[in-house]
Amino acid sequence: MKKLVVLSGAGISAESGIPTFRDADGLWEGYDVMEVATPEGWHKNPALVLDFYNQRRKRALEVRPNRGHEILHELEKMFEVVIVTQNVDNLHERAGSSNVIHLHGSLFESRSTRDERLVYPIEGWELKMGDLCEQGFQLRPNIVWFGEMVPLMEVAARQAREADIFLVVGTSMAVYPAAGLIDYVPYDSPRIIVDPRIPDLRSVSPIHKFEEKASVGMQKVHDLLVTLA
Ligand code: APR
């Protein structure tokens, strides 16, 4: 089986009802990114940060995977599919995808503020002040904030290097190092992009562009991939 490596972003979850970051009704609206998604913001006001992610988690639990997520799952019949997602929701998993790398962490995990190796599942929607790791230190969301290392970047880059086909769906490609993954893809491997506003990817020339929402665009990608399997 050929290896299909997918880089997904907020756009694939948009039709499920989770707003993207940089579109007009973006998630940051009403929130200062520096307050809720940086280590400095956490030190200044951890309760605000916990509340921000509690609201995101609550929303993620209310929504369902859409056709875009489902098609990615169905493609496992034809390809070895590896999804590298920038999303912290769990909609890829809930659609059935079996190999998902969460580059920016997960809404449904907490981790110790003392020892980053202490990671725990979050049941339900709420992480509170006073929720502690086994060593007695406050838990924080296991999310990669601006200014933090991206621990799974090497793992993701290795996958991109092995891609027979590389698919980019629903990301503005504005945030590094995630956006740089496409540069690891072998020269001869087809690149496919699905987005209602195709991002400007100066350095590479995408071969197949689908200027569509994920639900419609992914169906067309599916039809194309049948011919490339
Ligand atoms: N289907 C597909 N794509 C869509 C849809 C849709 N229905 N609606 C919007 N989009 C596209 C937008 O055109 C845009 O290119 O999704 C992209 C969303 O871009 P961003 O909001 O920048 O989200 P993303 O690229 O995932 O952001 C990357 O930035 O804020 C950080 O850590 C956060 O993981 C996030 C990272």
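Use the structure listed above.
The rules behind each value
Residues numbered from 1 in each chain as written. Predicted model: local features only at pLDDT ≥ 70, side-chain atom pairs only at ≥ 80, totals over all residues. Heavy atoms only, no water. Near = heavy atom within 4 Å. Polar contact = N/O pair within 3.5 Å; in protein donor to acceptor, adjacent residues only side chain to side chain. Areas by Shrake-Rupley, 256 points an atom, 1.4 Å probe, with all protein chains shown as cover. Nonpolar A, V, L, I, M, F, W, Y, C, P; charged D, E, K, R; others polar. Pairing = 2+ DSSP bridges. Helix = DSSP H or I, 4+ residues; strand = E, 2+ residues; numbered from the N terminus. Axes fitted to C-alpha atoms, helices over the stretch in contact; angles between N-to-C directions. Contact = heavy atoms within 4.5 Å. Buried < 20%, exposed > 50% of the residue type's maximum accessible area, 1.4 Å probe, protein only.

What follows deals with the site of the ligand. Taken together, 22 residues form the shell around the ligand, and within it F21, R22, T171, S172 and D195 come nearest. F21 places a polar main-chain atom, nitrogen or oxygen, 2.8 Å from an oxygen atom of the ligand. Side-chain polar atom of S172 to an oxygen atom of the ligand: 2.5 Å apart, as the coordinates give it. Alone, the ligand offers 740 Å² of accessible surface; in the complex the protein occludes 93% of this. Taken together, the residues of the shell around the ligand sort by class into eight nonpolar, eight polar and six charged.

It is worth spelling out the sheet that holds strand β5 (residues 119–121) at this point. Hydrogen bonds between backbone groups are what pair the strands of a sheet, and the pairing can be parallel or antiparallel. Strand order across the open sheet formed by three strands is β5-β4-β6, with antiparallel pairing between neighbours. Two strands close off the open sheet at either side, each with one partner strand: β5 and β6 (139–143). For this sheet, the mean angle separating the axes of adjacent strands, direction not counted, is 45°. Sheet topology places strand β4 (residues 105–112) next to β5; three bridges connect them, and they run antiparallel. Of the residues in β5, the one forming a bridge with S110 is Y120. Along the sheet, helix α4 (residues 46–62) contacts β4 and β6; its crossing angle with β4, the most-contacted strand, is approximately 140°.

The next point concerns the side chain of H69. By secondary structure assignment, the location of H69 is in helix α5 (residues 67–74). You can call H69 buried: its relative accessible area is 0%. Here S13 takes part through its side chain, which lies 3.4 Å from a polar atom of the side chain of H69.

Nothing here speaks to function; it is all geometry.
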